[in-house]
2 protein chains.
Amino acid sequence: MPDIKHFDPDAALETVVRLFWRQGVASTGIQDVVTATGLNRSSLYATFGGKQELYLAALRRYVEQRSRPVFRRLAEDERGLPAIAEFFAGLIDARCSGEYAGWGCMVSNAHAGADNSDPEVRAVLDRHHEELRDAMHAALVTARAQGQLVPGCDPRAAADVLALLAYGVNLRSRAGADARDLSRTVTAALASLGGPAAA
Amino acid sequence: MPDIKHFDPDAALETVVRLFWRQGVASTGIQDVVTATGLNRSSLYATFGGKQELYLAALRRYVEQRSRPVFRRLAEDERGLPAIAEFFAGLIDARCSGEYAGWGCMVSNAHAGADNSDPEVRAVLDRHHEELRDAMHAALVTARAQGQLVPGCDPRAAADVLALLAYGVNLRSRAGADARDLSRTVTAALASLGGPAAA
DNA sequence: TGCAACTGGGAACGACCGTTCCAAGATAGC
DNA sequence: GCTATCTTGGAACGGTCGTTCCCAGTTGCA
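Residues numbered from 1 in each chain as written. Chains lettered and ligands numbered in written order. Predicted model: local features only at pLDDT ≥ 70, side-chain atom pairs only at ≥ 80, totals over all residues. Heavy atoms only, no water.

**What about the overall build of chain A?**
Argument step 1. For chain A, the helix and strand inventory stands at 9 helices and 0 strands.
Argument step 2. With the C-alpha coordinates aligned to their principal axes, the bounding extent of chain A is approximately 65 × 35 × 30 Å.
Argument step 3. Taking all 199 residues of chain A together, the buried fraction comes to 49%.
Argument step 4. Contacts in chain A between residues at least 24 apart in sequence constitute 72% of all its contacts with a sequence separation of at least 6.
Argument step 5. Surface exposure of chain A reaches about 9,000 Å², of which carbon and sulfur atoms provide 52%.
Argument step 6. Positive and negative side-chain charges of chain A, numbering 22 and 24 respectively, have mean locations separated by a distance of 3 Å. (Helix = DSSP H or I, 4+ residues; strand = E, 2+ residues; numbered from the N terminus. Buried < 20%, exposed > 50% of the residue type's maximum accessible area, 1.4 Å probe, protein only. Contact = heavy atoms within 4.5 Å. Areas by Shrake-Rupley, 256 points an atom, 1.4 Å probe, with all protein chains shown as cover. Lys, Arg positive; Asp, Glu negative; His and termini not counted. Charge placed at Lys NZ, Arg CZ, Asp CG, Glu CD.)

**Describing the pattern of salt bridges**
All names here are of chain A.
Argument step 1. If you walk through the whole model with that rule in mind, you get 32 salt bridges over all chains.
Argument step 2. A salt bridge links Arg79 to Glu86; the shortest N-O distance between them is 3.0 Å.
Argument step 3. Overall, Glu86 belongs to the partly exposed group, its relative accessible area being 47%.
Argument step 4. A salt bridge links Asp134 to Arg156; the nearest nitrogen and oxygen atoms lie 3.7 Å apart. A residue pair is termed long-range when its members are at least 10 positions apart, and Asp134 in helix α7 (residues 119–145) and Arg156 in helix α8 (residues 155–174) qualify at 22 residues.
Argument step 5. Where salt bridges share partners, they join Asp10, Glu14, Arg18, Arg61, Arg66 and Glu99 into one cluster. (Salt bridge = Lys/Arg side-chain N within 4 Å of Asp/Glu carboxyl O.)

**Examining the UniProt feature "DNA-binding region" (unreviewed entry) in chain A**
Argument step 1. As annotated by UniProt and renumbered to match this structure, "DNA-binding region" (unreviewed entry) occupies residues 29–48 of chain A.
Argument step 2. Segment residues 29–48 of chain A splits into 80% helix and 0% strand. End C-alpha atoms: 15 Å apart. (UniProt positions renumbered as here; feature names shortened; annotations may be inferred.)

**A word on the UniProt feature "domain: HTH tetR-type" (unreviewed entry) in chain A**
Argument step 1. Within this structure's numbering, the places UniProt gives as "domain: HTH tetR-type" (unreviewed entry) are residues 6–66 of chain A.
Argument step 2. Helix makes up 77% of residues 6–66 of chain A and strand makes up 0%, while its end C-alpha atoms are separated by 27 Å.

**Let's talk about helix α1 (residues 9–23) of chain A**
Residues and elements named next belong to chain A.
Argument step 1. Over its 15 residues, α1 runs 21 Å from end to end, which matches the ideal 21 Å to within 8%, given 1.5 Å per residue.
Argument step 2. Listed as buried for α1 are Ala12, Leu13, Glu14, Val16, Val17, Leu19, Phe20 and Trp21.
Argument step 3. On its buried face, α1 is in contact with α2 (30–37), α3 (41–48), α4 (51–76), α5 (81–96), α6 (106–112) and α8.
Argument step 4. With a side-chain oxygen positioned 3.1 Å from the backbone nitrogen of Asp10, the residue opening α1 is Asp8.
Argument step 5. Count one or two residues on from α1 and you reach Gly24, which has phi positive near 85 degrees. (Expected span 1.5 Å × (residues − 1). Polar contact = N/O pair within 3.5 Å; in protein donor to acceptor, adjacent residues only side chain to side chain.)

**What about the packing of α8 of chain A against helix α8 (residues 155–174) of chain B?**
Argument step 1. Where α8 of chain A contacts α8 of chain B, the two axes come as close as 7 Å, and the packing angle between them is 90 degrees. By the criterion of interaxial angle, the relationship of α8 of chain A to α8 of chain B is roughly perpendicular. Residues Val161, Leu164, Leu165, Tyr167, Gly168, Val169, Leu171 and Arg172 of chain A of α8 of chain A touch α8 of chain B, and the partners they reach there are Val161, Leu164, Leu165, Tyr167, Gly168, Val169, Leu171 and Arg172 of chain B.
Argument step 2. A per-class count over the contact of α8 of chain A with α8 of chain B returns 12 nonpolar, 2 polar and 2 charged. (Axes fitted to C-alpha atoms, helices over the stretch in contact; angles between N-to-C directions. Parallel < 35°, antiparallel > 145°, perpendicular 65-115°, else oblique. Nonpolar A, V, L, I, M, F, W, Y, C, P; charged D, E, K, R; others polar.)

**Quick look at the packing of aromatic side chains**
Argument step 1. The full count for this structure, using the stated rule, is 12 aromatic pairs over all chains.
Argument step 2. Judged by centre distance (4.9 Å) and plane angle (75 degrees), the rings of Trp21 of chain A and Tyr62 of chain A are edge-to-face. Here Tyr62 of chain A lies in helix α4 and Trp21 of chain A lies in helix α1, a separation of 41 residues in the sequence.
Argument step 3. For Tyr62 of chain A, a relative accessible area of 2% gives the class buried.
Argument step 4. Both rings, one in Tyr100 of chain B and one in Trp103 of chain B, keep their centres 5.4 Å apart while their planes meet at 65 degrees; by these two values the pair is edge-to-face. Taken as a pair, Tyr100 of chain B and Trp103 of chain B share a single burial class, namely buried.
Argument step 5. Here the aromatic cluster, defined as three or more aromatic residues joined through ring pairs, consists of Trp21, Tyr62, Tyr100 and Trp103 of chain A. (Phe/Tyr/Trp six-rings, centres within 6.5 Å; stacked < 30°, edge-to-face > 60°.)

**A look at the interface of chain B and chain A**
Argument step 1. Contact residues are listed per partner, giving 32 residues for chain B and 32 residues for chain A.
Argument step 2. In total, chain B and chain A occlude about 2,800 Å² of area from one another, counting both sides; carbon and sulfur atoms represent 66% of this.
Argument step 3. The largest per-residue losses of area from chain B upon contact with chain A belong to Leu164, Leu171 and Arg172 of chain B, which jointly make up 23% of the total buried on that side.
Argument step 4. At the boundary of chain B with chain A, the tally comes to 2 salt bridges.
Argument step 5. Between Asp126 of chain A and Arg172 of chain B there is a salt bridge, with the nearest N and O atoms lying 3.1 Å from each other.
Argument step 6. One can count 14 residue pairs in polar contact (both at pLDDT 80 or more) joining chain B with chain A.
Argument step 7. Every element with two or more residues in the side of chain B that touches chain A is listed here: α6 (106–112), α7 (119–145), α8 and α9 (179–194) of chain B.
Argument step 8. At 11 residues, α8 of chain B tops the list of elements feeding residues into the side of chain B that touches chain A.
Argument step 9. Tallied by class, the residues present in the side of chain B that touches chain A amount to 15 nonpolar, 12 polar and 5 charged. (Buried area = accessible area lost by both parts, 1.4 Å probe.)

Right, dumping it as structure tokens:
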């Protein structure tokens, strides 16, 4: 057997995720990647292929590591509306403070960039949206079963609304929107679903 | 008096708007601008300055020509909820069909790009958001005066929700979201404001 | 120990980036 | 027609882009 890799591809990809997440693909050069990861151009191209493939890998990793676990937690939460409220609270917290403050959501950012012309990127975007919507829908169905929703509320439609609302939060947070403003807005949206007795 | 300009700066800037709107700043080169506008590098730099200034001018033009008139129409519309419904219908129509289908909103796109690090760009974004929110608020106040809103509905909070929803529409439309899906979602959101008797 | 396989360092590629500069052309007042 | 002033065409700048290539270094197996 020949020589083995001298670095951890997974850790390197995580570094790349943060790079593309914060700056976008178009504004991030290969040199930036080389500098940030510390690994060589040769190793980079041998491991991940070209820039577009690297971006796609980073985007997929973002969804798997960052989005999907949160969606799963939301979908499996048995509390109903409080679960949705907690989802948004966590979202706003992650977007507005801590290490990733002002970075928005990598998938939301990808929507707005020139990246989405790539069919493979587009597929990741659509899948992500579908999963977010489904998780929201599951939580809403749970909420309805517990009598938390106003009578006329359709969980499917409400899930769509909340999913789009999440994108709005992601977008505005990247421009430095105030966390309390966003929280207040989300709270109002949830209140309209649950009536006066919302959690 | 010396020689005069051989081109129309306003028409040229409109061409630039479409270029940046569709592709984003980072993915658009000066060469693209030169090719699309047909005018020379010298004229370009003499008239608009560098790339960043050109982008800022284009972004401001977009807001003035595309966003602001729509906001004004919404704010001044005396019908209440139907005015908001029409706003969203026009938005979805513009985003999903016609010349600009799949382009999203230039301001929404700017949120997600690396552009917003520029304070002047950021200011345009914040101002745009404020104006959208205010227009929405005005329409909601009108709606409430006509008894179209459910009793507990706060126009200020509802305006925030609808503004974020608009960003969500813009974002998803850029990934090719179906117009009918978006319409259905928006209709559901408006229905939750107006109760069973919504227009 | 020699071979084969794969690594990493780093130079180099052509193309394009945003920007600048200069000479030629055009216009208005004298 | 001359001059002054501005515009325009286009070459050219240094730098960076994404990508490729080669060579030395390192490892495991025969």
